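Close look at the chain arrangement
Residue strings, one per chain:
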Amino acid sequence: MNCDDVRMTLRDYQEGRLPTAAQGGVRAHLEACPDCAHVDAVEQELTSALEHRLPQYPASLALKRRIAAQWKVSTPKRSRWSWWRPSLIPVFACVALVLVGAPIFYYERAAFQDTNATSAMVGEAVNDHLRVLSSQRPLEIESGGLHQVKPWFEGRLDFAPIVSFEGDADFPLKGGAVGYFLDRKAAVLVYAHRLHPISLFVFRAGGLHWPAKDGSALTMEERGFNVIMWRQSSLGYALVSDVDRRELASLAAKLQSMP
Ligand SMILES: [Zn+2]
């Protein structure tokens, strides 16, 4: 077996694929021939590197740098604009995010604020009704009818409350008082339904968050009270009572339908 024969079969020898006699022949030659022994050693090292080491290790930092250098070299020459473009991409991304996100955020915040403001108004209406109920003198004027109540408000309010429903057998008008609704003065008219008192607050509507459109009413329940609120031109109306929602709505309809 000469050197050429050995080198031709070296891979098979290394992997033990040769017949036993040939395997012994190659081994004998390698022990006697330093050149072939050297080739055998190099080959084994290379095989080991290819089959085991390279796939096992991630790219080194140096390799990454080389690859990065390759990419830089192969990138076409940039114009001044394209040189700036990569650094502007985050800026554009932020601007896009703001443009897309801001209306959603604004809308959600506005909706949240509207909801908050509305519930604050409903809460205030119930509080004012409880104040009327718990007041030592709930009514500053006991009603002899609307013609008596309306003039009484003159000079006591900074607006003219528009209330035309003077009460009937179902909802008699019991009297009136001056109160506050949030930050503003309010005319308080107290009606009754059987034994249930009903408070009507009339106040300037400006500057408050009215969820419903002009004329349409908002009906809510808060702490066991029914609250119906609506706006007519510049005035806001809040009707509060523990009477049934349908019955309260019928009074609201009477108050709204009056000229
Ligand atoms: Zn040899």
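Structure report, in brief.

Rules of the game
- Residues numbered from 1 in each chain as written.
- Predicted model: local features only at pLDDT ≥ 70, side-chain atom pairs only at ≥ 80, totals over all residues.
- Heavy atoms only, no water.
- Helix = DSSP H or I, 4+ residues; strand = E, 2+ residues; numbered from the N terminus.
- Buried < 20%, exposed > 50% of the residue type's maximum accessible area, 1.4 Å probe, protein only.
- Areas by Shrake-Rupley, 256 points an atom, 1.4 Å probe, with all protein chains shown as cover.
- Donors = N, O, S within 2.8 Å, 3.2 Å for Na, K, Ca; no water.
- Tetrahedral: all angles 85-135°; square planar, octahedral: opposite > 155°, others 65-115°.
- Salt bridge = Lys/Arg side-chain N within 4 Å of Asp/Glu carboxyl O.
- Pairing = 2+ DSSP bridges.
- Contact = heavy atoms within 4.5 Å.
- Axes fitted to C-alpha atoms, helices over the stretch in contact; angles between N-to-C directions.
- Expected span 1.5 Å × (residues − 1).
- Arc of directions from axis to C-beta.
- Phe/Tyr/Trp six-rings, centres within 6.5 Å; stacked < 30°, edge-to-face > 60°.
- Core = buried A, V, L, I, M, F, W, Y, C linked by side-chain atoms within 4.5 Å.

Right, let's talk about the overall build of the protein for a bit. Per the secondary structure count, the protein includes eight helices and seven strands. Looking at the protein as a whole, 31% of its 259 residues are labelled buried. Carbon and sulfur atoms form 59% of the exposed surface of the protein, whose accessible area is close to 16,700 Å².

What follows deals with the coordination of the zinc ion. Within the protein, the atoms that donate to the zinc ion are Cys-3 (SG), His-29 (NE2), Cys-33 (SG) and Cys-36 (SG), at distances of 2.0 to 2.4 Å. Note that the zinc ion binds four donor atoms; their angles at the metal cover 105 to 115°, and the shape is tetrahedral. In primary sequence terms, the donor set of the zinc ion follows C-x25-H-x3-C-x2-C. You can see Cys-3 sitting in helix H1 (residues 3-8) and its partner His-29 sitting in helix H3 (residues 20-32), a full 26 residues away along the chain. Among the residues examined, His-29 registers a relative accessible area of 13% and is labelled buried.

Another point: the pattern of salt bridges. Overall, the coordinates contain nine salt bridges when judged by the stated rule. As a salt-bridge pair, Lys-254 and Asp-168 come within 2.5 Å of each other at their nearest N and O atoms. Of this pair, Lys-254 sits in helix H8 (residues 245-257) while Asp-168 sits in the loop between helix H7 (146-153) and strand S2 (173-181), and the two are 86 residues apart along the sequence. Its relative accessible area of 23% is what places Lys-254 among the partly exposed residues. Among the residues examined, Asp-168 registers a relative accessible area of 28% and is labelled partly exposed. Note that Glu-247 and Arg-194 form a salt bridge whose closest N and O atoms lie 3.3 Å from each other.

Turning our attention to the pairing of strand S7 (residues 235-241). S7 sits mainly inside the fold: seven of its seven residues count as buried. Burial of S7 is two-sided: the residues Leu-235, Tyr-237, Leu-239 and Ser-241 facing one way and the residues Gly-236, Ala-238 and Val-240 facing the other way are all buried. Sheet topology places strand S4 (residues 196-204) next to S7; seven bridges connect them, and they run antiparallel. Across the sheet, residue Phe-201 finds its bridge partner in S7, namely Ala-238. Pairing geometry for strand S6 (residues 225-232) and S7, over seven bridges, is antiparallel. If you follow Asn-226 over to S7, its bridge partner there is Ser-241. Here S6 hands over to S7 after two residues, with Ser-233 in that stretch at a positive phi of 45°.

This part is about the sheet that holds S4. Judged by pairing direction, the sheet is antiparallel, and its seven strands sit side by side in the order S1-S2-S3-S4-S7-S6-S5 without closing on themselves. Of all the strands in the sheet, just strand S1 (141-142) and strand S5 (218-222) have a single pairing partner and so form its edges. Across five bridges, the pairing between S5 and S6 is antiparallel. Paired with Glu-221 across the two strands is Asn-226, which belongs to S6. On top of the sheet, H7 reaches S1, S2 and strand S3 (184-193); it is set at about 25° to S2, its chief contact. With respect to the sheet, H8 is in contact with S3, S4, S5, S6 and S7, its orientation differing from that of S6 by roughly 20°.

Over its 13 residues, H3 extends 19 Å from the first C-alpha to the last, a length consistent with the 18 Å expected when each residue adds 1.5 Å. Among the residues of H3, those classed as buried are Gln-23, Val-26, His-29 and Leu-30. Down the axis of H3, the buried side of the element spans an arc of 130°, and every buried residue falls inside it. In H3, the exposed positions that point more than 90 degrees away from the buried face belong to Thr-20, Ala-21, Glu-31 and Ala-32.

Applying the stated rule across the entire model yields four aromatic pairs. Judged by centre distance (5.2 Å) and plane angle (0°), the rings of Trp-230 and Tyr-237 are stacked. Taken individually, Trp-230 and Tyr-237 each receive the classification buried, so the pair is uniform in this respect.

Grouped together as the largest cluster of nonpolar side chains are 27 residues, with contacts concentrated most on Leu-189, Tyr-191, Leu-200, Val-202, Leu-239 and Leu-255. Residue assignment for this core shows that the elements contributing at least two residues are H7, S3, S4, S6, S7 and H8. Residues Ala-125, Ala-177, Leu-218 and Phe-225 belong to the second largest nonpolar core, which totals 22 residues.

With phi around 55°, Leu-182 is a residue other than glycine that occupies positive phi space. Along the chain, Leu-182 turns up in the loop between S2 and S3. Accessibility expressed as a relative area gives 37% for Leu-182, which makes it partly exposed. The backbone phi angle of Arg-194 is positive, close to 50°, even though this residue is not glycine. Following the sequence through the fold, Arg-194 ends up in the loop between S3 and S4.

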